[in-house]
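As a plain string of letters, each chain reads:
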Amino acid sequence: MKKFFSRSASRFSAAAFQRSAKFAKFTEFDARELSRIVGPNGILTDPNDTTPYSTDWTRQFQGATAAVLKPKSTAEVAAILRHCNDRNLAVVPQGGNTGLVGGGVPLFDEIVLSTSRMNEIRAIDATTGIVVCEAGCVLERLDARLAEHGYAAPVDLGSRGSCQIGGNVATNAGGTRLVRYGSLRGTVLGLEVVKADGTVLDFMTSLRKDNTGFDLKQLFIGSEGTLGVITGVSFLAVQRSVTVDVAYLACSSFNDAIEVYRRSRRRLGEVLSACEFMDGEAMRLVNTHLGLENPFLGRPNYPFYVLVETAGSAGSNSSSQLETFLEDLFEEKLVCDGILAADGRQATALWALRERIAEALRIDGYVHKYDLSLPLSQLYELVEAMRKRTGGIAKSVVGYGHLGDGNLHLNLTSDENSEQLANVIEPFVYEWTASRRGSVSAEHGLGLMKAHCISYSKSPEAIQMMMDLKRMLDPKGILNPYKTLPMY
Ligand code: FAD
Ligand code: MLT
Ligand code: ZN
């Protein structure tokens, strides 16, 4: 397999990669043709305007783009791609630009195709909860519209205010509700996708059941903009819960945290809606950098915290179920401290402790971010191994994540982008994960950051098949080059 970039230069900048000579350079002709498609308000070329689209949320992936295009319809997306394919112009699909692996930002001069103006909800079926919408709908706004009908989106994540449903599908985002509603692979019913050559694929069924041949939409779920541009999504909304209760628990060991999760599944069953964890270091960072108060003020900073949420429909006894569950945990000394939110405001404050860790880390320093699936019993061993291995080089070494999904977010910070620290972490972190048959990307995808790491989690045969599919759907390789797959 051809190695196409060096890891020695500044890790995620254009200098560390090599622009593929097969792509054409953007010209005045392209600007004219493309603005004819999207109109004068649908194209940005001034670097002052395009910079936010070529810089990611972490600010660690900073590329450049020749133009940002903001189509308003599937027909416009199709016309853009037809032009770019004919002209060999590389294109990066972009939703809310909240991705954490550099998948949605251009590197050299690729055109950004932003779905931000495609934000119409086409239909909400009040009886079935089946929703049909455009890819650019922002998750939080979509969820608010669903609330009017007693429904909720089946996925929820801390970036809800900016991420778009198309981006969620393209990354197969996990988030905090996966433990209850499963992955988007199950709740997405249909997709509308535009292929690299501009062909519109109408997989927009709204059926719960459809076993006629291969389920082609699955190819595009989690494909990170490399196989096609998602323009429409049909999904099954979930019933909105009426009673929501949040408990925040402190544990003295990770094993106790696992036991809390195990019992929460058994005892809370269908009303369990989230089970998240964070360590004492994560708590220290949200206190220090965001001023979020430790709910156990005046008591020690415990090594582990578990957030358990239950949610039930009208008339359900989910609140009392949670209370009894908590009493038993205390009695059996599985938790050393705990708090049950008295109202929605307190529940939001408890959730902020967990959801805003990424923000606190960004303030702490340059963040080395890892998102791993591991067997639950070994999940935190990696954080401990990393602390030992990095010694004093790292500023903070933090572990948190989606306990119920076996998903660890391991983050290390340094005052500046430290190659020395990066080399101590990698490839160790990936080798350690692979040796436990874990995944080097649980939910964020591979993007630019981890395209070279796919073989830690996928066999050569699987990678070959992915490359074959890529060649079939995008023979010129114009869609999101340098990302997700090794160079083809
Ligand atoms: P972008 O960042 O714009 O793009 C992400 C990828 O999808 C890129 O490769 C892009 O090319 C592709 N893409 C985007 N739109 C399309 C489209 N219409 N068609 C084809 N390809 C497309 N992720 C989780 O999984 N779980 C979490 O809990 C979680 N929490 C987060 C919390 C914070 C504070 C932040 C900043 C991020 C978090 N993320 C999480 C990561 C991120 O929000 C998700 O990956 C999200 O799904 C990305 O959506 P987006 O619209 O921002 O996509
Ligand atoms: C989270 O669960 O908070 C997100 O995936 C973001 C992160 O990994 O920091
Ligand atoms: Zn996460």
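Parameters and conventions
Residues numbered from 1 in each chain as written. Chains lettered and ligands numbered in written order. Predicted model: local features only at pLDDT ≥ 70, side-chain atom pairs only at ≥ 80, totals over all residues. Heavy atoms only, no water. Helix = DSSP H or I, 4+ residues; strand = E, 2+ residues; numbered from the N terminus. Buried < 20%, exposed > 50% of the residue type's maximum accessible area, 1.4 Å probe, protein only. Contact = heavy atoms within 4.5 Å. Areas by Shrake-Rupley, 256 points an atom, 1.4 Å probe, with all protein chains shown as cover. 1 Å grid on protein atoms, 1.4 Å probe; cavity = no way out; pocket = protein on both sides within 12 Å on 5 of 7 lines; lining within 4 Å. Points joined across faces, edges and corners; volume = space filled by probe spheres on them. Nonpolar A, V, L, I, M, F, W, Y, C, P; charged D, E, K, R; others polar. Domains from an automatic or database assignment. Donors = N, O, S within 2.8 Å, 3.2 Å for Na, K, Ca; no water. Buried area = accessible area lost by both parts, 1.4 Å probe. Salt bridge = Lys/Arg side-chain N within 4 Å of Asp/Glu carboxyl O. Polar contact = N/O pair within 3.5 Å; in protein donor to acceptor, adjacent residues only side chain to side chain. Arc of directions from axis to C-beta.

**Quick word on the overall build of the chain**
When helices and strands are counted, the chain shows 17 helices and 18 strands. Its C-alpha atoms give the chain principal-axis dimensions of about 70 × 55 × 45 Å. Across the 488 residues in the chain, those meeting the buried criterion constitute 56%. Long-range contacts, defined here as pairs at least 24 residues apart, represent 74% of the contacts in the chain between residues at least 6 apart. Accessible area for the chain stands at about 20,100 Å²; split by element, carbon and sulfur atoms hold 50% of it.

**Observations regarding the layout of surface pockets**
Put simply, the second largest pocket is a space of about 850 Å³. The wall of the second largest pocket is formed by 34 residues, among which Arg185, Ile221, Gly222, Lys458 and Met466 lie closest to the centre. Broken down by secondary-structure element, the contributors of at least two residues to the lining of the second largest pocket are helix H8 (217–220) and helix H17 (460–473). The residue inventory of the lining of the second largest pocket, partitioned by class, reads 13 nonpolar, 16 polar and five charged. Split by domain, the residues of the lining of the second largest pocket number at least three in each of domain 1 (121–239) and domain 3 (365–453).

**Quick word on the coordination of the zinc ion (ligand 3)**
Ligation of the zinc ion (ligand 3) by protein atoms is provided by His402 (NE2), His409 (NE2) and Glu443 (OE), these donors lying 1.9 to 2.1 Å from the ion. In the primary sequence, the donor residues of the zinc ion (ligand 3) line up as H-x6-H-x33-E. Take His402 and His409: they sit in the same class, and that class is buried.

**Quick word on the domain arrangement of the chain**
Segmenting the chain into domains produces domain 1 (121–239), domain 2 (243–357) and domain 3 (365–453). On a C-alpha basis, the centroid separation for the pair domain 2 and domain 3 is 24 Å. Carbon and sulfur atoms make up 66% of the surface buried where domain 2 meets domain 3, a total of about 1,400 Å² over both sides. For domain 2, the biggest contributors to the area lost against domain 3 are Phe254, Tyr261 and Phe277; these three give 35% of the whole. If you look at where domain 2 meets domain 3, you find one salt bridge. Between Asp279 and Arg387 there is a salt bridge whose closest N-O contact spans 3.1 Å. The interface formed by domain 2 and domain 3 includes nine residue pairs in polar contact (both at pLDDT 80 or more). Only helix H9 (254–268), strand E13 (272–279), helix H10 (280–290) and strand E14 (304–312) provide two or more residues apiece to the side of domain 2 that touches domain 3. With five residues, E13 is the largest single contributor of residues to the side of domain 2 that touches domain 3. Here the side of domain 2 that touches domain 3 is built from residues that sort into 12 nonpolar, no polar and five charged.

**Remarks on helix H1 (residues 28–38)**
Listed as buried for H1 are Asp30, Ala31, Leu34 and Val38. Burial along H1 is one-sided: seen end-on, the buried residues are contained in an arc of 95°. Counted as exposed and oriented over 90 degrees from the buried face of H1: Glu28, Arg32 and Arg36. Buried positions along H1 lie against strand E1 (43–44), strand E2 (68–69), helix H3 (74–87) and strand E4 (111–114). The positive-phi residue at the C-terminal boundary of H1 is Gly39, with phi of around 80°.

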